[in-house]
Amino acid sequence: MVETTINDMVSSIERLSMASRDPNDSNKRKHNLLMSLEQQIASVIPEGEVSTDDNEMLEVPNAVVSQIIKLDCRPIGLGDDKIEKLREIIRLAKDFIGASSSVSRSFEPFFAGTRQIVAGTCVGLGRRSLGLTTTPFDLVIVDEAARCTASELLVPLQASRWTVMVGDHAQLQPHHEPAVVERVSRELKLKRSDILVSDFERVFCSPYAETGGFSLQRQYRMLPAINQIVSKTFYPGLNLSAGRHEPVLPPSVLEKILENEVAWVETDSLGKAGYETSPKGSSSKVNEAEADAIVGLIEKWVADDTVARWLESQTDYEAGIGVICMYAAQRDLLKRKLNMSCASRYLNKGLKVGTVDSYQGKENPIVILSLVRNNKNGLVVNGERSIREGFLIAPNRINVAFSRAMDRLFIVGNRNAWRPGTPIASAASEFSELASQGRATVISADTLIDRSIGNVEQEG
């Protein structure tokens, strides 16, 4: 009823405006149009009951009628902006009526459909009840596009006139169930690596990207030494630079943690005691020596009042210390050990333990990385068996693991037995370069496992 009445009023105003501008139009017709408009307004505004100041929607027609009466039907100018304003009210009313009268009526479709900016997940915005995919947006920005599967990416793309995809195909790829990947590979005779490539990477590595693609060359998370390892190992030729040089950690905490920005807690000297194992009935991996070294490191830190107070009081980050494990079983092992240690009170408060797959897009001021893999099952290199890497041969996960630290990165595991050319071997080579310059620290794992302080070796 409201929509119909206002629509009729706008049409009458437009006809009256056109007649007022036309010198050939008779005064009689203008008078009839005026009377018609007055009747329409009177049907919804009883005289003396509604003030035009109380309702913006009624202000324009009342002002027009008053002016027309004053001018005694002389030609008047009616602004197009005011007519369009009323039309916008009508369109809004139509949207609301359409949303509230449908079978799946709710406020969400009406609200989402009338906003200039709408944010959500790829799948969430594709809900049919919202109706967003049927009304193209001028611009759609897809964040973390390199992690989207083809079906996820198509949801926002179908509602876009222009699209900007933001992502990093050098980090985690889209998640596909292993059974699905194996079946597609078998039935379509495709390489597994080709199936796992994201559509973002296909576009970014295509000729189109030469004009439509752009690589950012400065990051603001990692301090320079951490950035150097990540840049040279995972982004060769990009010359990724550090945009931040001042630590976020207080100086009083830094001096208790580590002077240098990067440290490698070596398990090389432990021999078989530093090897990985598989829990019974599981294909995952654990490394007891690495877990004990990490617990020893954290216990040493929280035993210091300065570090403990900072860990309890800081609110800028989800956790001051993050522990990243390359295997889920190692995560579970570390949580059990930490729960039995003096650091248990900080678990899930100032201290977070997770797998690399759960860490993309996250960061911590201090990160400890447990490599887990350490064995003698790899290829023979220089007369010695190298480490069989498993999925650590893929650079994407290693890149994520190494690039989560802001101020301090501790890598825990074997440093020298990786096959040359593999991601961790390349990272270890860059670390050695930093250590030779006095910018990285090597810590012997057995000193931490024994809970003794000292025996910290500085290379170079």
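Residues numbered from 1 in each chain as written. Predicted model: local features only at pLDDT ≥ 70, side-chain atom pairs only at ≥ 80, totals over all residues. Heavy atoms only, no water.

Enquirer: So what's going on with the overall build of the protein chain? Residues and values would help.
Expert: Per the secondary structure count, the protein chain includes 19 helices and 13 strands. Across the 460 residues that make up the protein chain, the buried fraction comes to 45%. Long-range pairs, those at least 24 residues apart, make up 70% of the contacts in the protein chain between residues at least 6 apart in sequence. Accessible area of the protein chain: about 25,000 Å², with a carbon and sulfur share of 51%. (Helix = DSSP H or I, 4+ residues; strand = E, 2+ residues; numbered from the N terminus. Buried < 20%, exposed > 50% of the residue type's maximum accessible area, 1.4 Å probe, protein only. Contact = heavy atoms within 4.5 Å. Areas by Shrake-Rupley, 256 points an atom, 1.4 Å probe, with all protein chains shown as cover.)

Enquirer: Tell me about the pattern of salt bridges, and please be specific about residues and values.
Expert: Overall, the coordinates contain 16 salt bridges when judged by the stated rule. Taking the shortest distance from any N to any O, the salt bridge between Asp-292 and Lys-337 comes out at 3.0 Å. Highlighted residues: Asp-292 in helix H14 (residues 288–302) and Lys-337 in helix H16 (residues 328–339), separated in sequence by 45 residues. (Salt bridge = Lys/Arg side-chain N within 4 Å of Asp/Glu carboxyl O.)

Enquirer: Please give an account of the pairing of strand S11 (residues 405–413) that cites residues and values.
Expert: Counting buried positions over the nine residues of S11 gives nine, a clear majority of the element. Alignment of strand S5 (residues 262–266) against S11, held across five bridges, turns out to be parallel. Paired with Val-265 across the bridge in S11 is Val-412. (Pairing = 2+ DSSP bridges.)

Enquirer: Before we move on, can you summarise helix H18 (residues 423–436) with the specific residues and values?
Expert: In an α-helix, one turn spans 3.6 residues; hence positions three or four apart end up facing the same way. The end-to-end C-alpha distance of H18, which contains 14 residues, comes to 20 Å, matching closely the 20 Å that a straight helix rising 1.5 Å per residue would cover. When H18 is considered as a whole, its buried residues turn out to be Pro-423, Ile-424, Ala-425, Ala-427, Ala-428, Glu-430, Phe-431, Leu-434 and Ala-435. Contacts from the buried residues of H18 go to helix H12 (224–234), S5, helix H17 (395–402) and strand S12 (440–444). Positive phi shows up at Gly-438, right after H18, with a value of about 80°. (Expected span 1.5 Å × (residues − 1).)

Enquirer: Got a sec to walk through the layout of surface pockets? Specific residues and values, please.
Expert: Here the largest pocket defines a volume of roughly 1,200 Å³. Lining the largest pocket are 35 residues, and of these Val-166, Gly-167, Asp-168, Phe-200 and Leu-216 sit closest to its centre. Secondary structure elements with two or more residues in the lining of the largest pocket: strand S2 (160–165), helix H10 (199–204), helix H11 (209–212) and strand S3 (218–219). The class makeup of the residues in the lining of the largest pocket is 18 nonpolar, eleven polar and six charged. (1 Å grid on protein atoms, 1.4 Å probe; cavity = no way out; pocket = protein on both sides within 12 Å on 5 of 7 lines; lining within 4 Å. Points joined across faces, edges and corners; volume = space filled by probe spheres on them. Nonpolar A, V, L, I, M, F, W, Y, C, P; charged D, E, K, R; others polar.)

Enquirer: For the pairing of S12, give the residues involved together with the corresponding values.
Expert: Counting buried positions along S12 yields five of five residues, so the element is predominantly enclosed. Here S12 shows two buried faces, one formed by Ala-440, Val-442 and Ser-444 and the other by Thr-441 and Ile-443. Pairing between S5 and S12: five bridges, direction parallel. Bridge pairing links Val-265 to Ile-443 in S12.

Enquirer: Give a description of the packing of aromatic side chains that names residues and reports values.
Expert: Going through the model one piece at a time under the given rule, you end up with five aromatic pairs. Ring centres of Trp-264 and Phe-431 lie 5.4 Å apart, and the angle between their planes is 70°; on these two criteria the pair is classed as edge-to-face. Linking Trp-264 in strand S5 with Phe-431 in helix H18, this pair joins segments that are 167 residues apart in sequence. Of the residues examined, Trp-264 reaches a relative accessible area of 0% and is grouped as buried. (Phe/Tyr/Trp six-rings, centres within 6.5 Å; stacked < 30°, edge-to-face > 60°.)

Enquirer: Hey, could you go over the nonpolar core for me, with residue numbers and the actual values?
Expert: The nonpolar side chains of a soluble globular protein tend to be buried with one another. Residues Val-262, Met-326, Leu-369, Phe-402, Leu-409, Ile-411 and Phe-431 are the most contacted members of the largest nonpolar core, which totals 42 residues. Ranked by residue count, the leading element in this core is H18, at seven residues. (Core = buried A, V, L, I, M, F, W, Y, C linked by side-chain atoms within 4.5 Å.)

Enquirer: Describe the packing of H14 against H16, and please don't skip the residues or the numbers.
Expert: Running from N to C, H14 and H16 cross one another at 45°; their axes reach a closest spacing of 10 Å. With respect to H16, the element H14 is oriented oblique. Where H14 crosses over H16, the handedness of that crossing is right-handed. When H14 is examined against H16, the residues Glu-288, Glu-290, Ala-291, Asp-292, Ile-294, Val-295 and Ile-298 are found in contact with a partner set consisting of Gln-330, Leu-333, Leu-334, Lys-337 and Leu-338. The class makeup of the residues in the contact of H14 with H16 is seven nonpolar, one polar and four charged. (Axes fitted to C-alpha atoms, helices over the stretch in contact; angles between N-to-C directions. Parallel < 35°, antiparallel > 145°, perpendicular 65-115°, else oblique. Left-handed = near helix turned anticlockwise from the far one by under 90°.)

Enquirer: Run through the environment of Ser-426, naming residues and quoting values.
Expert: Among the secondary structure elements, Ser-426 is positioned in helix H18. The spatial distance from the C-alpha of Ser-426 to the C-alpha of Ile-229 is 8.7 Å, given a sequence separation of 197 residues. In contact with Ser-426, other than residues within four places in its own chain, are Thr-233 and Gly-421.

Enquirer: Could you give me a rundown of unusual backbone geometry, with the residues and numbers involved?
Expert: A positive phi angle, close to 55°, is found at Asn-239, a residue other than glycine. On the secondary structure map, Asn-239 appears in the loop between H12 and strand S4 (241–242). Residue classification places Asn-239 among the exposed positions, given a relative accessible area of 63%. With a phi close to 75°, Val-372 is a non-glycine residue in the positive phi region. Along the chain, the position of Val-372 falls in the loop between strand S8 (364–370) and strand S9 (380–381). Overall, Val-372 belongs to the buried group, its relative accessible area being 0%.

Enquirer: Give a detailed account of the confidence of the model for the protein chain, specifying residues and quantitative values.
Expert: Regions with low pLDDT should not have their predicted coordinates read in detail. Chain-level pLDDT for the protein chain is 83 on average; 76% of the residues reach the 70-or-more range. Segment residues 48–77: pLDDT under 50, and 34 contacts once partners within four positions in sequence are set aside and those in other chains are kept. Within the model, pLDDT remains below 50 along residues 451–460, and this stretch shows 26 contacts once partners closer than five positions in the same chain are excluded. (pLDDT = per-residue confidence, 0-100.)

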